[in-house]
Amino acid sequence: MYKGGSIYTPRSVQIFRFAGLFIPIILVIYGVFIQLDFISVPHVVSDFGFILISFWSLFLSIIQFLYPPTSALDSALRLVAYHLLAGAYLIFVAGIASPFVAFWLLLMIASYVYFSERGLQFSTLGFVIIVLTDIFVNKSHEITVIYDLAALAVILITGFVVFAVTRSQEITKAELTNSKAQESLQRDRVLTIVNNMTDAVFSTDMDGVIRVYNAASMNLLDTNENLNGHVIDQILPLVDKENKPVKLFRELQNAKTVTKRDDLYYNYDDDEQIRLEITYSPIRSSYSRSKHTQTHDGYIIIMRDVTKTKSLEEERDEFISVVSHELRTPITIAEGTISNVQVMMEHPNVTHDMLRDAVNVAHDQVIFLASMVNDLSTLSRAERGVASDSEDIDVRELAHKLLDKYQASAKEKGLHLNLDLPSKLSTVHASRLYLEELLQNLITNAIKYTKEGSVTIIAKQHAGTVTFAVKDTGIGISKSDQAKIFQKFYRSEDYRTRETS
């Protein structure tokens, strides 16, 4: 369908369809009164001429009403036909000075709607030609010439005013459209920024109903549902440390400035719980001097999952507590033993064996301290994801190395340290440092918590995979503690573990 000029709209088309249908009917009726001499005009066309003008006017009006134009050429031809018929009617039937000359303004407006300024120019030029033609035809009637010129002036002035007003509205509409486009662009930019944020962002109205949210919020809530129109408390039920419900909307209402909390939790449907850091604030919109109060258009909420961060902070605090305690013991023993050696060296009755035993005690504590620092260094590298170079490790050789290393410790406790290896074992490609640390932790714990019996180092190969295991005859691990064996610094509270430091 033809798009028309700059102010062309479907509503304007409807208006011109009905105007094009009824105005010719009115003009034909008026012409009939003229032909019957009910209305006196200076010149009257013949009956045949009037019938011809009336027929084509009515025919064109019906076509225009039933079949709207579909192309620029179709619209142009119909406008030309309307102009010719209107001109013929004014010249040969009603006269330029008739009140119905005002209908020419509708033709000018229609021309402007369909073809913008160019259409208006041609319509105006057409009216000037019609007036000049009427003056030429009726030049013997001076009063008619004066009326024609007056009508021309009125139509031109009125047409100019209508054009100016329409143009002004068009400019205003263009400015409004541009303003809306800029607003839409700014909104799209803001939404793009919000959607690319890793933190979940919600914007609600004053009633706590969600109006804007980003992709990260859907990831945080683990949902694909549309959140718009939902109350924030329904979408985000929160609890505190005591698992008591917390109404977020009530917190929003109480917020006067930017507020941050990191002590709230959100529970998923599978009972998994995450800890949230929530920053929220009213969205300030204006300031009323008369009321001396601030108003706002809703609330902005930014949240992130800090479960791991807070867990690491708690682990760090526990780590510092445990390490400081564990390091203090060997340092105290070594420092005390060396102090005793200094005193004993000045005593005349101290034997060489006594000094040697004291120095050996201090040396053992320093070795133990060095081993602990090495373990902490290894843990630190593992936590930071810094791995040593991987290499091909002979599993049989590694198992015998661990056996030789801890054979003496097992023997001191009266335990048998055994190896359970198949006849064929291939190599594994891994970090030797980390693999040895893992196996050493298992072996030392087995020796530590086994009072009698044996500790067996096992390695088995199946379908290209080597499985390591350490089996002992010790106190074992309760089922409740088995779920926590990979937690750092965790130690079972079993009464049997309290016997060992």
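What comes next is a walk through the structure. (Residues numbered from 1 in each chain as written. Predicted model: local features only at pLDDT ≥ 70, side-chain atom pairs only at ≥ 80, totals over all residues. Heavy atoms only, no water.)

## Some remarks on the sheet that holds strand E9 (residues 415-420)
Defined as follows: Only strands that DSSP links by at least two bridges are regarded as paired with each other. Under the DSSP-based scheme used, a helix requires at least four consecutive residues in state H or I and a strand at least two consecutive residues in state E, with every element numbered from the N terminus. Under this scheme, a helix contributes an axis fitted over its contacting stretch, all axes are lines through C-alpha atoms, and angles between N-to-C directions fall in the 0 to 180 degree range. Any two residues whose heavy atoms approach within 4.5 Å are treated as being in contact.
If you trace the 3 strands from one edge of the open sheet to the other, you get E9-E11-E12, paired in mixed fashion. Looking at strand neighbours, the two that pair on one side only are E9 and strand E12 (465-472), the edges of this open sheet. Strand-to-strand twist of the sheet, defined as the mean angle between neighbouring strand axes without regard to direction, takes the value 10°. In the packing of helix H11 (residues 395-412) onto the sheet, contacts are made with E9, strand E11 (453-462) and E12, and the angle to E9 comes to roughly 175°. Contacts between helix H12 (residues 432-448) and the sheet are confined to E9, E11 and E12, with E12 contributing the most and set at about 20° to the helix.

## Some words on empty space enclosed by the protein
The test is simple: Buried and open spaces are told apart on a 1 Å grid over the protein atoms alone, a cavity being a set of points where a 1.4 Å probe fits but cannot get out and a pocket being an open set with protein on both sides within 12 Å along at least five of seven lines. Residues with an atom within 4 Å of a point are the lining residues. Grid points are joined across faces, edges and corners, and a volume is the space filled by probe spheres set on the points. The nonpolar class holds Ala, Val, Leu, Ile, Met, Phe, Trp, Tyr, Cys and Pro. Asp, Glu, Lys and Arg form the charged class, and all remaining residues, Gly among them, are polar.
Enumeration according to the criterion identifies 2 cavities of 30 Å³ or more in this entry. Here the largest cavity defines a volume of roughly 500 Å³. If you trace the largest cavity, you find 28 residues lining it, with Gly 20, Ile 23, Pro 24, Tyr 82 and Leu 107 closest to the centre. Elements represented by at least two residues in the lining of the largest cavity include exactly helix H1 (10-35), helix H2 (47-66), helix H3 (72-94) and helix H4 (103-137). When residues in the lining of the largest cavity are grouped by element, the largest group, 8 residues, is from H3. The residue inventory of the lining of the largest cavity, partitioned by class, reads 22 nonpolar, 5 polar and 1 charged. Estimated volume of the second largest cavity: approximately 70 Å³. For the lining of the second largest cavity, the elements supplying multiple residues, two or more each, are H4 and helix H5 (142-195). Residue contributions to the lining of the second largest cavity peak at 5 residues, all from H4. Taken together, the residues of the lining of the second largest cavity break down into 7 nonpolar, 2 polar and no charged.

## Points about the packing of H3 against H4
As a reminder of what qualifies: If an angle is under 35 degrees, it is roughly parallel; if it is over 145, roughly antiparallel; if it lies from 65 to 115, roughly perpendicular; otherwise it is oblique. A clockwise turn of the near helix away from the far one marks a right-handed crossing, whereas an anticlockwise turn of less than a right angle marks a left-handed crossing.
Their axes nearest at 10 Å, the elements H3 and H4 cross at an angle of 30°. Taken together, the axes of H3 and H4 lie roughly parallel to each other. Crossing of H3 over H4 shows right-handed handedness. Residues Ala 72, Ser 75, Ala 76, Leu 79, Tyr 82, His 83, Ala 86, Gly 87, Leu 90 and Ile 91 of H3 touch H4, and the partners they reach there are Trp 104, Leu 107, Ala 110, Ser 111, Tyr 114, Phe 115, Ser 123, Phe 127, Ile 130, Thr 133 and Asp 134.

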